[in-house]
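Chain by chain, the residues:
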Amino acid sequence: MPLTPEVLTAQGEVVARLGSLDVSFAADEEPWFTIDGVESPRQIGSDGSGAFVLLPSRSVLYVSSEGRAGIIAESFEAFVQLVVARPYWLDILKFSAGGDLAEMRRAADALEATLEDEGDVNEAREEIRGSLDLPEADDPVGALYEAVAASDAIVRATDGSPFTTLFNRFSIDNNRMLRNAAA
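Quick caveat: nothing in here was measured; it's all calculated off a predicted structure. (Residues numbered from 1 in each chain as written. Predicted model: local features only at pLDDT ≥ 70, side-chain atom pairs only at ≥ 80, totals over all residues. Heavy atoms only, no water.)

Trainee: Pulling in residues and values, what's your account of the packing of aromatic side chains?
Mentor: Here the structure, examined in full by the defined rule, presents eight aromatic pairs. The interplanar angle of 65° and the centroid separation of 6.2 Å between the aromatic rings of Phe25 and Phe76 together place this pair among those described as edge-to-face. Within this pair, whereas Phe25 is found in the loop between α2 (12-19) and β1 (33-35), its partner Phe76 is found in helix α3 (residues 76-85), the two being separated by 51 residues in sequence. Across the pair, Phe76 and Phe25 agree in class, each one buried. Plain terms: the ring middles of Phe52 and Trp89 are 6.1 Å apart, the flat faces sit at 50° to each other, and that makes the pair tilted. Linking Phe52 in strand β3 (residues 50-54) with Trp89 in helix α4 (residues 89-94), this pair joins segments that are 37 residues apart in sequence. Each member of the pair, Phe52 together with Trp89, is buried. Three or more aromatic residues joined by ring pairs form one cluster here, namely Phe25, Phe52, Tyr62, Phe76, Phe79 and Trp89. (Phe/Tyr/Trp six-rings, centres within 6.5 Å; stacked < 30°, edge-to-face > 60°. Helix = DSSP H or I, 4+ residues; strand = E, 2+ residues; numbered from the N terminus. Buried < 20%, exposed > 50% of the residue type's maximum accessible area, 1.4 Å probe, protein only.)

Structural data, given as structure tokens:
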């Protein structure tokens, strides 16, 4: 059975563990963005800074409250794999140096090295994968890069202005803690 939002939300313990990785499967009440060509976007969840939307193509779009948006996974299962493997996926994009895959890999390594609760995160990863019979992602950073780079969804604020890409211009060299972790 393919992993869907309905299959996932039926497993309360797994949803709670994903919550410890900063993902909530409660949608916002009021829409604060539109997506060109999508009449009724299906918001499936949120995190501290944005919303996750399941598109008609079955890919997952992330819409940031900071005016950035893009497809982050080709399917709901790939989205859950990404969140489990790299719960700091949004920071990987922040430190992508404008969408450079090598920089994203450096950021992922540095971010993994700085996890404060590494034991808890690893335990959550194993529990979620086991409960969902979810295979480990082969290359979550590469898949994230490919999804964002190929993203063709046009998201707009309520005033009609388009959102920008999820790739940000920073690299880990702009952050002392991450730069030191990568050394």
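Here the narrative resumes, following the displayed structure.
Trainee: How would you summarise the sheet that holds β3 if you had to cite specific residues and measurements?
Mentor: Spatially, β2-β3-β4-β5 is the arrangement adopted by the four strands of the open sheet, whose pairing is antiparallel. Looking at the sheet topology across the chains shown, the edges are occupied by β2 (42-46) and β5 (69-73). Across the sheet, the mean angle separating the axes of adjacent strands is 35° when strand polarity is ignored. Note that β2 and β3 share four bridges and pair antiparallel. By the bridge assignment, Gly45 is partnered in β3 with Phe52. In this fold α3 packs onto β2, β3, β4 (60-64) and β5, with an angle of close to 90° to the strand it touches most, β5. (Pairing = 2+ DSSP bridges. Axes fitted to C-alpha atoms, helices over the stretch in contact; angles between N-to-C directions. Contact = heavy atoms within 4.5 Å.)

Trainee: Which residues make up the nonpolar core, and what values go with them?
Mentor: Counting 42 residues, the largest nonpolar core has Ile72 and Phe79 as the members making the most contacts within it. Sort the elements by how many residues they give to this core and α3 lands first, with six residues. Among residues more than four places away in sequence, those in contact with Phe79 are Val23, Phe25, Phe52, Val60, Ile72 and Ala73. Of all hydrophobic cores here, the second largest spans 13 residues; its members include Phe33, Val53, Leu55 and Leu61. (Core = buried A, V, L, I, M, F, W, Y, C linked by side-chain atoms within 4.5 Å.)

Trainee: Describe the packing of α3 against helix α6 (residues 118-132), with residues and values.
Mentor: At their nearest, the axes of α3 and α6 sit 9 Å apart, and the two run at 155° to each other. When the axis of α3 is compared with that of α6, the two are roughly antiparallel. The interaxial crossing formed by α3 with α6 has left-handed handedness. Side by side, α3 and α6 meet where Val80, Val84 and Ala85 of the first sit next to Arg125, Ile128, Arg129 and Leu132 of the second. (Parallel < 35°, antiparallel > 145°, perpendicular 65-115°, else oblique. Left-handed = near helix turned anticlockwise from the far one by under 90°.)

Trainee: So, unusual backbone geometry: which residues are in play, and what are the values?
Mentor: The backbone of Asp22 sits at a positive phi, close to 70°, despite the residue not being glycine. Although it is not a glycine, Ala97 sits at a positive phi angle of roughly 55°. Examined against the element boundaries, Ala97 turns out to sit in the loop between α4 and α5 (101-113).

Trainee: Could you give an account of the side chain of Glu103, with specific residues and numbers?
Mentor: When you line up the elements, Glu103 lands in helix α5. With a relative accessible area of 16%, Glu103 lands in the buried category.

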